[in-house]
Amino acid sequence: MADGIVGQLVEALGAMIVGVFACVAYFWASNRALDAAFPARGARAGANIRTAGAIRPWLFLAPALLGLGVYLVYPVVNSVWLSLHDAAGRRWVGGANWVWLAGDGKFRESMRNNLLWLLVVPAASTLLGLAAAALTDRLRWGNIAKSLIFMPMAISFIGAAVIWRFIYDYRPADQAQIGLLNAVVVGAGGTPRAWITLEVWNNVCLMAILIWIQTGFAMVILSAALRGIPEETIEAAILDGATPWQLFWKIKVPQIWGTIAVVWTTITILVLKVFDIVLAMTNGQWGTQVLANLMFDWMFRGNDSGRASAVALVIMALVTPIMLWNIRRARAEMR
Amino acid sequence: MAHVRLTGVAKTYGAVKVLSDINLDIATGELVVFVGPSGCGKSTLLRMIAGLERISDGTLEIDGRVVNDVPPAQRGVAMVFQSYALYPHMTVRDNMAFALRIAGKGRAEIARAVEDAARRLHLTPYLDRLPKALSGGQRQRVAIGRAIVRDPRVYLFDEPLSNLDAALRVATRIEIAQLKEAMPQSTMIYVTHDQVEAMTLAGRIVVLAGGGISQVGTPLELYERPENEFVARFIGSPAMNLLPGRIEETGAETLVRLAGGGIARAAVATTAADRGREVNVGVRPEDLLPTEEPEALFAGRVAIIEALGEVTVLHFAPQGEAPAVLAKLPGIHAGLRHRTLRLTARPGKVQVFAGGRSLRYPAL
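On a predicted model such as this, the values are computed, not experimentally measured, just so you know.

Engineer: Is there a simple way to explain unusual backbone geometry in this structure?
Structural biologist: It is generally the case that most residues other than glycine have a negative phi and that most peptide bonds are trans. All names here are of chain B. Following Ser237, the chain continues to Pro238 via a peptide bond in cis, the omega torsion being -5°. Position of Pro238 relative to the elements: it lies in the loop between α8 (229-234) and β11 (241-249). Look at His122: it is not a glycine, yet its phi comes out positive at around 60°. Mapped onto the elements, His122 comes out in the loop between α3 (107-120) and α4 (136-149). With a phi close to 50°, Asp151 is a non-glycine residue in the positive phi region. Turning to its location among the elements, Asp151 is positioned in the loop between α4 and β7 (154-158).

Here it is in structure tokens:
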């Protein structure tokens, strides 16, 4: 057993070393070859330097372009192709998968839930993150508070879901409650409930997990943005008579509006792809299905690559515009 | 429209003393300039008056009321920052109106105040622009407008011209001077490290150094009768020459034999007890005149010439440890390089410092 682990570690380390050296070798060899093909001396030195200069960026870009092609462009094209074929991906079925999708109850439930997630999670995470960033900014123990809030970011979604299962855990009323939420409810004189089976509310229970994770992310980014606000504008506002509340909403928030939008959209994209939490908590039962989990269900439980691809393309269509806007925004910020 | 009085004001950061025992009376309608080298605490002093820094010790009164613990907005002060500090997300109009909106003034009143200030500062065409669409000079005018709109009792300027290029700095300096002219009743405190700004704008200059006030006086008082070597060298450009020597004759006029061999006569009264004292004689480069007389204050070889047209600055070859002596002659002088020149100065223009303090002033 221990041998197996050591062997795996050695193998992983070896792979890392080989990988790094392969990269170095590629860049070194390709640049060498380019310099040999267009030497920077002789009668055509000037033209050669220009030509080599035009080609060289592509040498560096090539591995990334290849990776993007294999892992991004090809899957998209293939998904479109698969969505027009049958479950096994062999027979052409035209729009049949799309017709099915339009009439499927579970798909509609997923769309509704995704919309709910979309409205609640980015807003709640950003607002809580902003509040945390603003409140911890000037505290002596602010950094400790920040690291505590940020810590969930380090936990995988599955790990977080497992932790939160214990919080929502349900035992019959005559037994001791090991779930935190039910323990509190019982302690306050209420009756315990199986929270994750309560329709509609169980969605909120799942969202709380993602909010718990993403608040840290929002806080870190917004805290940096708040620190970037020129101190003088704040002092000027203080002299102008602004109260702390006015200072925050009229001077600080408008100045970091761009960053807030980026945080919001980044979380929005994440939410559209939410999958692990739902899989681990409810697996889409009790009205909590979401698009990504629906896709996973059809792909690996239903063994229907056609329907799964159709759902995947819907997710992509929803994410793309936000992604584009986000990139444009980030570029504008950088300028 | 207010007088400001500082009594024993001090600022400490933990164990570090930045300023101590600042006593200053600023009358209504005065324009006082705080000047000093960087790190002398001039901005800190201004920020204490503004209320952005806590006053560690002493009292600050505005119009007779102690305001040490009054929040900045209620002190009736407005501040113009070096970095303009405009609200980047608001138009020029909103920037200027912000304080009045916060104060809950009526819409018509705000519009009137903003338009008045804009007209005065030639900003009317830019009222609906964002700060980023303005030049540096325009931005600083908006910052000034933001102060005017509030009709404060005291205007505070924290190096307002330092971020502007040279030409704009002169233009904006004149605008500030005109603004002061147009508002004779407003009290202004202006911080700068630039002595030209200080000399041209100030009614009175406060020279800060070493955590305290070095001298307070009108620009020409500081120029003609500096209290100590620091002020003597800080005011005026190039800085005053200091030549070590020993007092030989006392009386209404003092005669100092200089270490470099020259003889200086100063219109400074001394007593017999001062005979033999080690002193530094101060002469401004522009007060040194070429002479053919046998008795000269300084003789030296010209090492470098800076011909500026209106004046010619001569750098003499340094003699021993002492820093090089400079002379500034009016007009153009060709062919002086490497020649030996004898210089003298009128007794009224010569300062004598003992232990760093001018003998014109009674000992502390």
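Engineer: Explain the packing of aromatic side chains here, please?
Structural biologist: The way to describe two aromatic rings as a pair is by their centre distance and the angle between their planes. Residue and element names in this part refer to chain B. Applying the stated rule across the entire model yields 13 aromatic pairs over all chains. Each ring, one from Phe230 and one from Phe234, has its centre 5.6 Å from the other, and the planes form 15°; the classification is stacked. You can see Phe230 and its partner Phe234 sitting in helix α8, four residues apart, about one turn around the helix. Its relative accessible area of 31% is what places Phe230 among the partly exposed residues.

Engineer: Can you walk me through the sheet that holds strand β10 (residues 212-217) of chain B in this structure?
Structural biologist: In sheet architecture, strand pairing relies on hydrogen bonds along the backbone and comes in two forms, parallel and antiparallel. Residues and elements named next belong to chain B. Taken together, six strands build an open sheet; the order of strands is β6-β7-β8-β3-β9-β10 and the sheet is mixed. The open sheet has two free edges, formed respectively by β6 (77-80) and β10, since each of these has just one partner strand. Geometrically, the sheet is characterised by an average inter-axis angle of 20° between neighbouring strands, direction not taken into account. Contacts from α4 reach β6 and β7 within the one sheet, and its direction differs from that of β6 by about 180°.

Engineer: Even after reading the chapter, I still don't get helix α5 (residues 142-150) of chain A, so can you show me in this structure?
Structural biologist: Given 3.6 residues per helical turn, the α-helix brings residues three or four places apart onto the same face. Residue and element names in this part refer to chain A. Taken together, the buried positions of α5 are Gly142, Ala145 and Lys146. The arc that holds every buried residue of α5, seen down its axis, measures 100°, which confines them to one face. Every exposed residue of α5 that faces more than 90 degrees away from the buried side is listed here: Asn143, Ile144 and Leu148. Of the surrounding elements, those touching the buried residues of α5 are α4 (105-136) and α8 (201-228).

Engineer: Teacher, can you tell me more about the confidence of the model for chain A here?
Structural biologist: When pLDDT drops low, the exact placement of atoms in the prediction is not to be read closely. The predicted model of chain A has a mean per-residue pLDDT of 84, with 98% of residues at 70 or higher. Of all the helices and strands in chain A, helix α7 (residues 180-187) of chain A carries the lowest mean pLDDT, 76, while helix α9 (residues 231-239) of chain A carries the highest, 90.

Engineer: Looking at this structure, I do not really get the interface of chain A and chain B. What am I missing?
Structural biologist: The parts lose accessible area when they come together, and the size of an interface is often stated as this lost area. Each side of the interface is counted separately: chain A has 15 residues, and chain B has 20 residues. Both faces combined, the contact of chain A with chain B buries some 1,500 Å², and carbon together with sulfur accounts for 68% of it. Inspection of the chain A/chain B interface yields two salt bridges. As a salt-bridge pair, B:Arg150 and A:Asp240 come within 3.5 Å of each other at their nearest N and O atoms. Secondary structure elements with two or more residues in the side of chain A that touches chain B: α9 and α10 (244-255) of chain A. Broken down by element, the side of chain A that touches chain B gets its largest block of residues, seven residues, from α9(A). Grouping the amino acids of the side of chain A that touches chain B by side-chain chemistry returns seven nonpolar, four polar and four charged.

Engineer: How do you make sense of the sheet that holds strand β17 (residues 311-316) of chain B when you look at a structure like this?
Structural biologist: All names here are of chain B. Read from one edge of the open sheet, five strands run β15-β19-β16-β17-β18, paired in antiparallel fashion. Two strands lie at the open edges of the sheet, namely β15 (289-290) and β18 (326-330), each paired on one side alone. The pairing of β15 with strand β19 (residues 340-344) spans two bridges and is classified as antiparallel. Looking at β19, one finds that Pro290 is bridged to Leu343.

Engineer: Even after reading the chapter, I still don't get a nonpolar patch on the surface, so can you show me in this structure?
Structural biologist: Residues A:Trp58, A:Leu61, A:Leu65, A:Leu68, A:Leu72, A:Val73 and A:Val77 make up a contiguous nonpolar surface patch of roughly 690 Å² in combined accessible area. Checked against the element boundaries, A:Val77 lands in helix α2 (residues 45-83).

Engineer: Where do I start with the domain arrangement of chain A in this structure?
Structural biologist: All names here are of chain A. Assigned domains within chain A: domain 1 (2-83) and domain 2 (104-334). With five residues of domain 1 in contact, the opposing surface of domain 2 contributes six residues. Of the roughly 430 Å² buried between domain 1 and domain 2, counting both surfaces, carbon and sulfur atoms make up 77%. Seen at the junction of domain 1 and domain 2, the total is zero salt bridges.

Engineer: Sorry, what's going on with the pattern of salt bridges here?
Structural biologist: Any two side chains of opposite charge can pair, given that their charged atoms come close. For the coordinates displayed, the defined rule picks out 23 salt bridges over all chains. Here A:Arg56 ties to A:Asp35 by a salt bridge, and the two come within 3.1 Å at their closest N and O atoms. Placement of the pair is A:Arg56 in helix α2 and A:Asp35 in helix α1 (residues 2-37), with a sequence separation of 21 residues. Note that B:Asp128 and B:Arg93 form a salt bridge whose closest N and O atoms lie 3.3 Å from each other. Note that B:Asp128 is positioned in the loop between α3 and α4 and B:Arg93 in helix α2 (residues 92-102), a separation of 35 residues in sequence. When salt bridges that share partners are traced, they join A:Glu235, B:Lys11, B:Arg47 and B:Glu53 into one network.

Engineer: Help me out: how do you make sense of the packing of α3(B) against α4(B) in this one?
Structural biologist: In a pair of packed helices, the angle between the axes and the distance between the axes together describe the arrangement. Residues and elements named next belong to chain B. Taken N-terminus to C-terminus, the directions of α3 and α4 make an angle of 135°; their axes are 9 Å apart at the nearest point. In terms of axis orientation, α3 runs oblique to α4. Relative to α4, the crossing made by α3 is right-handed. On the side of α3, the interface is formed by Ala113, Val114, Ala117 and Arg120, while α4 contributes Gly145, Ile148 and Val149.

Engineer: Just to check I follow, could you spell out the side chain of B:Arg173 for this structure?
Structural biologist: With respect to the helices and strands, B:Arg173 occurs in helix α5 (residues 166-182). B:Asp194 provides the closest opposite charge to the buried, salt-bridge-free B:Arg173, at an N-O distance of 5.4 Å.

Engineer: Explain the packing of α2(B) against α3(B) here, please?
Structural biologist: All names here are of chain B. It is the contact of α2 with α3, at a shortest axis distance of 10 Å, that shows an interaxial angle of 135°. Judged by the inter-axis angle, α2 sits oblique to α3. For the crossing formed where α2 meets α3, the hand is right-handed. Along its contact with α2, which presents Arg93, Met96, Ala97, Leu100 and Arg101, the element α3 presents Ile110, Ala113, Val114, Glu115, Ala117 and Ala118. Here the residues of the contact of α2 with α3 sort into eight nonpolar, no polar and three charged.

Engineer: Could you clarify how one ought to interpret the nonpolar core in this entry?
Structural biologist: Considering soluble globular proteins, one finds that nonpolar side chains tend to be buried as a cluster. Of all hydrophobic cores here, the largest spans 83 residues; its most connected members are A:Trp117, B:Leu6, B:Phe34, B:Leu45 and B:Leu156. When residues in this core are grouped by element, the largest group, 13 residues, is from α8(A). Dropping the residues within four chain positions of it, B:Phe34 is found in contact with B:Leu24, B:Lys42, B:Leu45, B:Leu46, B:Ile49, B:Ile189, B:Tyr190, B:Val191, B:Thr192, B:Val206 and B:Leu208. Core analysis: the second largest hydrophobic core is formed by 45 residues, B:Val80, B:Leu127, B:Leu164 and B:Ile205 among them.

Reading guide: rules and limits
- Residues numbered from 1 in each chain as written.
- Chains lettered and ligands numbered in written order.
- Predicted model: local features only at pLDDT ≥ 70, side-chain atom pairs only at ≥ 80, totals over all residues.
- Heavy atoms only, no water.
- Helix = DSSP H or I, 4+ residues; strand = E, 2+ residues; numbered from the N terminus.
- Phe/Tyr/Trp six-rings, centres within 6.5 Å; stacked < 30°, edge-to-face > 60°.
- Buried < 20%, exposed > 50% of the residue type's maximum accessible area, 1.4 Å probe, protein only.
- Pairing = 2+ DSSP bridges.
- Axes fitted to C-alpha atoms, helices over the stretch in contact; angles between N-to-C directions.
- Contact = heavy atoms within 4.5 Å.
- Arc of directions from axis to C-beta.
- pLDDT = per-residue confidence, 0-100.
- Buried area = accessible area lost by both parts, 1.4 Å probe.
- Salt bridge = Lys/Arg side-chain N within 4 Å of Asp/Glu carboxyl O.
- Nonpolar A, V, L, I, M, F, W, Y, C, P; charged D, E, K, R; others polar.
- Patch = residues over 30% accessible without salt bridge, like charges linked within 9 Å, V, L, I, M, F, W, Y side chains within 5 Å.
- Areas by Shrake-Rupley, 256 points an atom, 1.4 Å probe, with all protein chains shown as cover.
- Domains from an automatic or database assignment.
- Parallel < 35°, antiparallel > 145°, perpendicular 65-115°, else oblique.
- Left-handed = near helix turned anticlockwise from the far one by under 90°.
- Lys, Arg positive; Asp, Glu negative; His and termini not counted.
- Core = buried A, V, L, I, M, F, W, Y, C linked by side-chain atoms within 4.5 Å.

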